[in-house]
Amino acid sequence: MQAGEDFPLSRVPEDSRYGWFSVAVQRFGQLSALSQFLLGATLGYGMTFWAAFEALTLGAVILEGVSIIVGIAGQREGLSTSLLARWSGFGRYGSALIGLVIAIGLVGWFGIQNAVFAQGLVQLIGGLPLWLWSIISGVVVIAIVTYGFLSMGWTAYIAVPLFLILSGWAIVNGLSHHALHQLITMAPPGPRLTLGQGTTLVAGGFIIGAVITPDMTRFNRRPADVVKQTVIGVTLGEYVIGLVGVLLAHAVKSANVVSIVYSTSGIVGTVILIMATLKINDWNLYSSTLGIVNALDTLLGKKVSRIKTTWIIGGVGTLLAALGILQHFEGFLIVLGVAIPPIAGIMLTDYWLLRRHRALLEHSRMLGTLPEAMEPVNWPMVITWVASSLIGYFVHWGIQSINSLVAAVVIYWLLGSFGTKTADEMHTAGESA
């Protein structure tokens, strides 16, 4: 295999897996990064401190539960999200579809992060227009992702500690001029967000990261490693970074992250912010390329290079950053918050409850290969995904992201219970497909 390809269409062998700490640093890097400051500032601009705390708590519970359950499946099978989906309810064409959906969502996130990255460079260095800085910053991230999991790990070892320094710097410099109890008790400076909206923003902000957990946990050695890295990463990332963002939004009375960081931490803070952005954005691009590689293999029977795909998809994301996708941040998260959770709901129900393809997966896992049989289309999945997404979008009672996730589990379990196939029947279907 070509160096850096990282097993996009096969299981990760045991001798290519890592200790839990190495993967945990990358998980924490996904959440202790610019995205959480951006999310925390958005919450703080529209919510009181304690309302934002409740939203972060509810959102974190959703994210940890989904990440652990789906992540352990990825660890057991050594498969990426879009590849695992072939035998977790989505079938051949469904897995290609979710690969494309996840890829589109992550390219959007890549654009959002890259836009803020470029704004930081303009603030810090200047000299070039925003669109050109967007291109430069995009190319840097693409280069890191080109070399795969190993180079992304080294980036995390550098970026995560620096971002924690930024957090401490921002707290000391930004909050020292304000009484803490006033920031905690003050009314939000911007238009109000409800608890349901805030929780949906929190869950939507990382739900796609929770769904693609197998892309990361396939490199873990044990289920316990998945639990440890998830609890530490999500809890600290959501609360520490998110609540700092809330307080800083109250202090500065703005949701503009770059302005907040620059006004509280100066040039040093902006430099570290730029470094931290690399950590979250490399995973956005990495998982997006895995989804595209799986989709092309499934739909066209064409095995393409992950490295070449990285440059193409990264170019699209860089273009989105240059075109100003950041302006649509909130609406983007709301859509992800109701459309992506059903994917996790279907996968965890099929893999852990209905266990429709577990015999095939276990047999092929012992051989170190992929199952030979694969259903072309699973119609209960199609019905479930559409119905649960609509429920999440149109039903405003409670929390929308939870509504769509729970609806997916219930609907798919009911439909799947009437149409569960055995491994032998799946094998026969695969031979006739």
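Not measured: the values here are computed from a predicted model.

Asks: Report on unusual backbone geometry, specifying residues and quantitative values.
Replies: In this structure, Phe7 takes a positive phi of about 50° despite not being glycine. By the secondary structure assignment, Phe7 is in the segment before helix H1 (20-31). Phe7 sits in the buried class, given a relative accessible area of 19%. Its identity as a non-glycine residue notwithstanding, Arg355 has a phi of 50°, on the positive side. Along the polypeptide, Arg355 turns up in the loop between helix H15 (341-354) and helix H16 (358-367). Assessed through its relative accessible area of 41%, Arg355 is described here as partly exposed.

Asks: Any chance you could break down the packing of helix H3 (residues 49-77) against helix H11 (residues 223-252) for me, citing the residues and the numbers?
Replies: Pairs of packed helices are described in terms of their axes, by the angle between the two and the distance that separates them. Close contact between H3 and H11 brings their axes to 9 Å; oriented N to C, the two are set at 155°. Comparing their axes, H11 and H3 come out roughly antiparallel. Between H3 and H11 lies a crossing of right-handed hand. Looking at the contact of H3 with H11, its residues break down into 17 nonpolar, eight polar and two charged.

Asks: Which residues make up the nonpolar core, and what values go with them?
Replies: With 43 residues, the main nonpolar core has Val66, Phe90, Val211, Ile340, Ile343 and Trp385 as its most contacted residues. Secondary-structure elements contributing two or more residues to this core are H3, helix H4 (81-84), helix H5 (91-124), helix H9 (195-211), H15, helix H17 (379-394) and helix H18 (400-418). With seven residues, the single largest contributor to this core is H15. Judged by nonpolar contacts, the second largest core, of 24 residues, contains Phe7, Ala103, Ala118 and Tyr286.

Asks: Requested: an account of the packing of aromatic side chains, with residues and values cited.
Replies: In the structure shown here, the tally under the stated rule is nine aromatic pairs. Both rings, one in Trp50 and one in Phe53, keep their centres 5.6 Å apart while their planes meet at 70°; by these two values the pair is edge-to-face. Of this pair, Trp50 and Phe53 both sit in helix H3, three residues apart, roughly one helical turn. Judged by relative accessible area, which is 28%, Phe53 ranks as partly exposed. A network of ring pairs unites the aromatic residues Phe49, Trp50, Phe53 and Tyr239 as a single cluster. Between the NZ or CZ atom of Arg358 and the centre of the ring of Tyr351, over which it lies, the distance is 4.2 Å. Over the ring of Trp352 we find Arg358; its NZ or CZ atom is 5.2 Å from the centre of that ring.

Reading the values: the criteria
Residues numbered from 1 in each chain as written. Predicted model: local features only at pLDDT ≥ 70, side-chain atom pairs only at ≥ 80, totals over all residues. Heavy atoms only, no water. Helix = DSSP H or I, 4+ residues; strand = E, 2+ residues; numbered from the N terminus. Buried < 20%, exposed > 50% of the residue type's maximum accessible area, 1.4 Å probe, protein only. Axes fitted to C-alpha atoms, helices over the stretch in contact; angles between N-to-C directions. Parallel < 35°, antiparallel > 145°, perpendicular 65-115°, else oblique. Left-handed = near helix turned anticlockwise from the far one by under 90°. Nonpolar A, V, L, I, M, F, W, Y, C, P; charged D, E, K, R; others polar. Core = buried A, V, L, I, M, F, W, Y, C linked by side-chain atoms within 4.5 Å. Phe/Tyr/Trp six-rings, centres within 6.5 Å; stacked < 30°, edge-to-face > 60°. Lys NZ or Arg CZ within 6 Å of the ring centre and 35° of its normal.

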